[in-house]
Amino acid sequence: MTEVTAGARVVPTIVELRALLAERRAGGASVAFVPTMGALHEGHFALVRRARELADVVVVSIFVNPLQFGPNEDLDRYPRTLDADVAALTELGVEFVFAPSVSEMYPDGEVGTRVTAGHVGSLYEGASRPGHFDGMLTVVTKLLHIVAPDAALFGQKDAQQVFLVRRMVRDLNLPVAIEVVPTVREPDGLALSSRNRYLDPAQRVAALTLSEALRAAHAASGDGLAEVLAEGAAAFGDHDDVTLDYLVVVDPATFLPVADDARGEAVVLVAASVGATRLIDNATITLG
Ligand code: AMP
């Protein structure tokens, strides 16, 4: 018998996706969901591979959500590579690619109802990108209601996003299991990001400062918070084209900054601009 590999099916409307998934569910299939903004790379693929292990049907959404971009951010120039994305997702055995238009997701233009991320949503990424996390949580809520998956997968690369999504799912009793996948990196340590393609060769080298800062923070973790912050910040000392936005150490349970004498597991968050490109990264450490 010849095996026919059907391509991943691109579904542009909510009605159609719901009908297709209802059919698969009626046949007993479980569903795992990977929300993305496209321009897919190995970081996204790690989420998709894990999703394939978890469920019979994998849905990947590709939607550059205007609601989570500020007025001076890169919404218009954010990379859009739908054909290549769909080809890669077909190889990975994804059944449905939900790729709605902005008007499909926001038919009334401005949304009246939003999910708010609260105080933690105003810190770190939220301080630099006001409204970002409300926009992210709002679209994730909409997508979870549209797909109604058994499991949804997120990358540890966006640690604050993971914290806020997990808390929202708990706070609002959303019936979905959240699965987190470790950060995928280039061999030299740079965390994969769709925005890395903005970097020219010199900036690509400079971008390593973020992962170097995390490595330095990790190496200093036995000596306490002050050392971690000093060593992490020192990594940014000798790069003119890299501007540190924040380097903070937070408690994974609350996502608030740890106390000066904190011990135990903590998360180091770092954000910096390399030229016009804003990059983030994080690492888990044990403060001693
Ligand atoms: P994005 O397309 O940037 O919105 O990312 C979609 C999902 O992929 C999010 O859950 C991200 O955290 C995750 N992701 C992005 N980059 C990586 C990476 N380098 N490693 C693991 N997950 C990632």
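Thresholds applied
Residues numbered from 1 in each chain as written. Predicted model: local features only at pLDDT ≥ 70, side-chain atom pairs only at ≥ 80, totals over all residues. Heavy atoms only, no water. Helix = DSSP H or I, 4+ residues; strand = E, 2+ residues; numbered from the N terminus. Rg over C-alpha atoms; globule rule 2.2 N^0.38 Å. Buried < 20%, exposed > 50% of the residue type's maximum accessible area, 1.4 Å probe, protein only. Contact = heavy atoms within 4.5 Å. Areas by Shrake-Rupley, 256 points an atom, 1.4 Å probe, with all protein chains shown as cover. Pairing = 2+ DSSP bridges. Right-handed = clockwise from strand over helix to strand, strands pointing away. Phe/Tyr/Trp six-rings, centres within 6.5 Å; stacked < 30°, edge-to-face > 60°. Salt bridge = Lys/Arg side-chain N within 4 Å of Asp/Glu carboxyl O. Near = heavy atom within 4 Å. Polar contact = N/O pair within 3.5 Å; in protein donor to acceptor, adjacent residues only side chain to side chain. Nonpolar A, V, L, I, M, F, W, Y, C, P; charged D, E, K, R; others polar. Axes fitted to C-alpha atoms, helices over the stretch in contact; angles between N-to-C directions.

(A) Spotlight on the overall build of the protein. Broken down by element type, the protein carries ten helices and nine strands. Relative to its length of 288 residues, the protein is compact, with a C-alpha radius of gyration of 20 Å against a globular reference of 19 Å. Along the first, second and third principal axes, the C-alpha set of the protein runs to 60 × 40 × 40 Å. Here the protein holds 288 residues, and 52% of them are scored as buried. Considering only contacts within the protein whose residues lie at least 6 apart along the sequence, 73% involve residues at least 24 apart. Of the roughly 13400 Å² that the protein leaves accessible, carbon and sulfur atoms contribute 53%.

(B) A look at the pairing of strand β6 (residues 177-181). As paired elements, strand β5 (residues 151-155) and β6 share five bridges and run parallel to each other. Paired with Gly-155 across the strands is Val-181, a residue of β6. With respect to chirality, the unit in which β5 leads through helix α7 (residues 159-171) into the neighbouring parallel β6 is right-handed.

(C) Quick look at the packing of aromatic side chains. Throughout the structure, instances matching the rule amount to five aromatic pairs. Ring-pair connections join several aromatic residues into one group, and the members of that group are Tyr-124, Phe-163, Tyr-246 and Phe-255.

(D) Up close: the environment of Ser-128. With respect to the secondary-structure elements, Ser-128 resides in helix α5 (residues 125-128). Distance in space between the C-alpha atoms of Ser-128 and Gly-70 is 9.7 Å, their sequence separation being 58 residues. With residues near it in sequence (within four places) discarded, Ser-128 still touches Asp-245 and Arg-278.

(E) A look at the pattern of salt bridges. Scanning all chains against the criterion turns up twelve salt bridges. Between Glu-95 and Arg-24 there is a salt bridge whose closest N-O contact spans 2.6 Å. With Glu-95 in the loop between α3 (82-91) and β4 (96-98) and Arg-24 in helix α1 (residues 14-26), this residue pair connects regions lying 71 residues apart in the sequence. We classify Glu-95 as partly exposed; its relative accessible area is 24%. Taking relative accessible area as the criterion, Arg-24 reaches 28% and is therefore assigned partly exposed. A salt bridge links Arg-49 to Glu-42; its shortest N-O distance comes to 3.4 Å. A cluster of three or more residues bridged by salt bridges with shared partners is formed by Arg-50, Glu-53 and Glu-179.

(F) The arrangement of the site of the ligand in detail. Not every one of the 17 residues close to the ligand is listed here, only the nearest: His-44, Gly-155, Asp-158, Val-184 and Leu-192. Here a nitrogen atom of the ligand sits 2.9 Å away from a polar atom, N or O, in the main chain of Leu-192. Here the ligand has 490 Å² of accessible area as a free molecule, and 92% of this is covered by the chains. Breaking the shell around the ligand down by element, the ones donating at least two residues are β2 (31-36), α2 (42-54) and β5. By residue class, the composition of the shell around the ligand is eight nonpolar, seven polar and two charged.

(G) View of the sheet that holds β5. Pairing is parallel in the open sheet, where six strands are placed in the order β1-β4-β3-β2-β5-β6. The open sheet is flanked by β1 (9-11) and β6, the only strands paired with a single partner. In this sheet, adjacent strand axes meet at a mean angle of 25 degrees when their direction is disregarded. The pairing of β2 with β5 spans two bridges and is classified as parallel. Bridged to Phe-33 within β5 is Ala-152. Across the sheet, α2 is in contact with β2, β3 (57-62), β5 and β6; its angle to β5 comes to roughly 155 degrees. Its contacts with the sheet put α7 on β5 and β6, and the angle it makes with β6 is roughly 170 degrees.

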